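Structure assessment
Now for the letters of each chain:
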Amino acid sequence: MKVVRWMEEEQNQRQESPQNAGFIKMKKFRFVMLIFLIVFVTAGITILALSFGDEKAVNVGMQERAEFNKLYNTYDKLKKSYFEDVDQEKIIDGAIDGMVKALDDPYSDYMTKEESKVFQDSITSSFEGIGAEIQEKDGAIVVVSPIKGSPAEKAGIKPNDKITEVDGKSVLGMSANEAVLLIRGEKGTKVTLTVERKEGEEPKKVTIIRDEIPINTVYPEMLDNGIAKIQITSFSSHTDKDLSEALKEMEEKGMKSLILDLRKNPGGLLDQAVNISNLFVPKGKMLFQVAYKDGKVEEYVAKDGKKISVPTVVLVDEGSASAAEILAAAVSESANIPLIGDKTFGKGTVQTTDEFQDGSNIKYTMAKWLTPDGNWIHEKGIEPDKKVAMPKYASLSFIDPDLKLKVDTVSQDVKAAEEILKELGYDPGKVDSYFDEETKGAVEEFQKEESLKASGVLTGDTTVALMNKIRDHLHENDPQVKEAVKVLSKKKK
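Residues numbered from 1 in each chain as written. Predicted model: local features only at pLDDT ≥ 70, side-chain atom pairs only at ≥ 80, totals over all residues. Heavy atoms only, no water.

When helices and strands are counted, the protein shows 15 helices and 19 strands. The 493 residues of the protein split such that 42% are buried. For the protein, long-range pairs separated by at least 24 residues make up 64% of all intrachain contacts whose partners lie at least 6 apart in sequence. For the protein, the accessible surface area stands at approximately 27500 Å², while carbon and sulfur atoms represent 53% of it. (Helix = DSSP H or I, 4+ residues; strand = E, 2+ residues; numbered from the N terminus. Buried < 20%, exposed > 50% of the residue type's maximum accessible area, 1.4 Å probe, protein only. Contact = heavy atoms within 4.5 Å. Areas by Shrake-Rupley, 256 points an atom, 1.4 Å probe, with all protein chains shown as cover.)

Another point: the packing of aromatic side chains. According to the stated counting rule, one finds five aromatic pairs in the structure shown. Looking at K347, its charged tip hangs above the ring of Y107, at a distance of 4.6 Å from the centre. For K368, the ring lying beneath its charged end belongs to W376, and the centroid distance is 4.4 Å. (Phe/Tyr/Trp six-rings, centres within 6.5 Å; stacked < 30°, edge-to-face > 60°. Lys NZ or Arg CZ within 6 Å of the ring centre and 35° of its normal.)

Okay, the confidence of the model for the protein next. Per-chain confidence: the protein averages 85 in pLDDT, with 85% of residues scoring 70 or above. Considering only residues more than four positions removed or in separate chains, one finds that residues 1-26, a stretch of pLDDT under 50, has 11 contacts. (pLDDT = per-residue confidence, 0-100.)

Overall, mixed pairing links the six strands, which are arranged 10-11-12-15-16-19 in an open sheet. Of all strands in the sheet, those with a lone pairing partner are strand 10 (218-222) and strand 19 (386-387), marking the two edges. Bridge count for strand 12 (residues 257-261) against strand 15 (residues 312-316) is four bridges, and the pairing is parallel. From the neighbouring strand, L258 faces strand 15, where its bridge partner is T312. On top of the sheet, helix 11 (residues 323-335) reaches strand 12, strand 15 and strand 16 (339-341); it is set at about 130° to strand 16, its chief contact. (Pairing = 2+ DSSP bridges. Axes fitted to C-alpha atoms, helices over the stretch in contact; angles between N-to-C directions.)

In the sheet, strand 1 (residues 109-111) pairs with strand 18 (residues 361-370) via three bridges, with the strands oriented antiparallel. Across the sheet, Y110 pairs through a bridge with I362, a residue of strand 18. Pairing between strand 13 (residues 286-291) and strand 18: three bridges, direction antiparallel. From the neighbouring strand, A291 faces strand 18, where its bridge partner is K368. The loop that links strand 17 (residues 349-355) with its antiparallel partner strand 18 comprises five residues; one of these, G359, has a positive phi angle of about 95°.

On to helix 12 (residues 412-423), then. With 12 residues, helix 12 extends 17 Å between its outermost C-alpha atoms, agreeing within 8% with the 16 Å of an ideal straight helix rising 1.5 Å per residue. Buried within helix 12 we find D413, V414, A416, A417, E418, E419, I420 and L421. Contacts from the buried residues of helix 12 go to strand 8 (204-209), helix 13 (437-449) and helix 14 (460-476). Its side-chain oxygen placed 3.3 Å from the backbone nitrogen of D413, S411 serves as the N-cap of helix 12. Backbone geometry just after helix 12 places G425 at a positive phi near 100°. (Expected span 1.5 Å × (residues − 1). Polar contact = N/O pair within 3.5 Å; in protein donor to acceptor, adjacent residues only side chain to side chain.)

The next point concerns a negative patch on the surface. A cluster of acidic residues, D87, E89, E114, E355 and D358, forms a negative patch at the surface. Among the residues examined, E114 registers a relative accessible area of 51% and is labelled exposed. (Patch = residues over 30% accessible without salt bridge, like charges linked within 9 Å, V, L, I, M, F, W, Y side chains within 5 Å. Salt bridge = Lys/Arg side-chain N within 4 Å of Asp/Glu carboxyl O. Lys, Arg positive; Asp, Glu negative; His and termini not counted. Charge placed at Lys NZ, Arg CZ, Asp CG, Glu CD.)

Another point: the packing of helix 10 (residues 270-280) against helix 11. In the contact formed by helix 10 and helix 11, the axes pass within 9 Å of each other and the chain directions differ by 25°. Judged by the inter-axis angle, helix 10 sits roughly parallel to helix 11. The handedness of the crossing between helix 10 and helix 11 comes out as right-handed. Every residue of helix 11 that contacts helix 10 at L270, A273, I276, S277 and F280 is listed here: A323, I326, L327, A330, V331 and A335. (Parallel < 35°, antiparallel > 145°, perpendicular 65-115°, else oblique. Left-handed = near helix turned anticlockwise from the far one by under 90°.)

Right, let's talk about the pattern of salt bridges for a bit. Counting across every chain of the model gives 18 salt bridges. In this structure, K363 and D109 form a salt bridge, with 3.8 Å as the shortest nitrogen-oxygen distance. Here K363 is found in strand 18, whereas its partner D109 is found in strand 1, with 254 residues between them in sequence. The same class applies to K363 and to D109, which are both buried. The structure contains a network of salt bridges with shared partners spanning E221, K229, D261, R263 and D478.

Pasting the structure below:
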């Protein structure tokens, strides 16, 4: 302010006393020299700061963030004093990853550029791998659900299976994204998973041949008496369009009622759940609510448009999660559509992603969602209106085709094989984990009926055929589907 006032006074003098022009010219010269001096001194101070004060240089033009001093100091110390060269990108990635992990939220992740690509592939296109949705839970990698028709499903992987090793490498403590990078691989290659199914049960190794996993999420089929069954296996970018085509196909085949199958559906994109829920919920009725940290609650309401008017029931189980639960809750509470099956998984949070310039991103929980009636189902799940359990054999441990089970073998795999043989109508004798002559006879009978070499040894093609047979048997005798058909038949009357 002093300089400004001085310049103003000087201007007044120039206007009032033109005869003193020489004096005024000298004062201007001194002023200009002073300005140059200030510029040079300032530049010198800046150069010294940049040359000798690393910490000060970082803060030039930035707001001081004292809470990060410890982080900066650790980075500087490691970069300067660690006994080997430090991979700068790696330790910065590790710092961000650790920050997100400290939230103790299995649904929040930091994804490197490579991990981010894997995540995007899983919802927008086909990929090569085993076809199973996994998550990190309490430091363990847990299967949410295998994808329908995938190598993982064919190998017997079930919801809630705990993966402890991939090709002999422990995945305990890894994020889901880190584990996915190990599990995925080129089509035709093998990966061996060590899996725990039940607490206290001996871990099993299962070898799976990777394949191309198309993101085909809608599977329609026509049952008897005009009952259509449509399974949605996940919610990807095109699920709503695929469902519309499936519904049109079923209508052309004479659909009079509908079973919407959300079992083993781990969820996916929120907008897809909204679009599909809108097909079943009347205009103006609540679909779900999103509750934010600041107390704001956003309501999603059904809009006008095409509605499915035929009698409908929805199948759910412990593999139905996230967006599948949003859809199940919406149709149950706002459209009075009955839910049949088992209690759902229980994921009541909403995630979003922020991408960095290098292609990496963070996925984090930004809100929780509530059912139309305001219920938060997180870690509780949704109870079906009609609880129907699957038969015991549906949860039997998978049998690795690389194993050779024969007379005098004693193992849990033998017991599983005996239970399957018994369910299929063969007589393996006592179900007791011991492969005896009666078990051998049952295997030989099965091999003859399947046009296989009757060796009485359960291995290779025989094991694969046995697992496929029990899977088909379950499909044909699915008690949850049978209950859905019964409910729909009553509605028609």
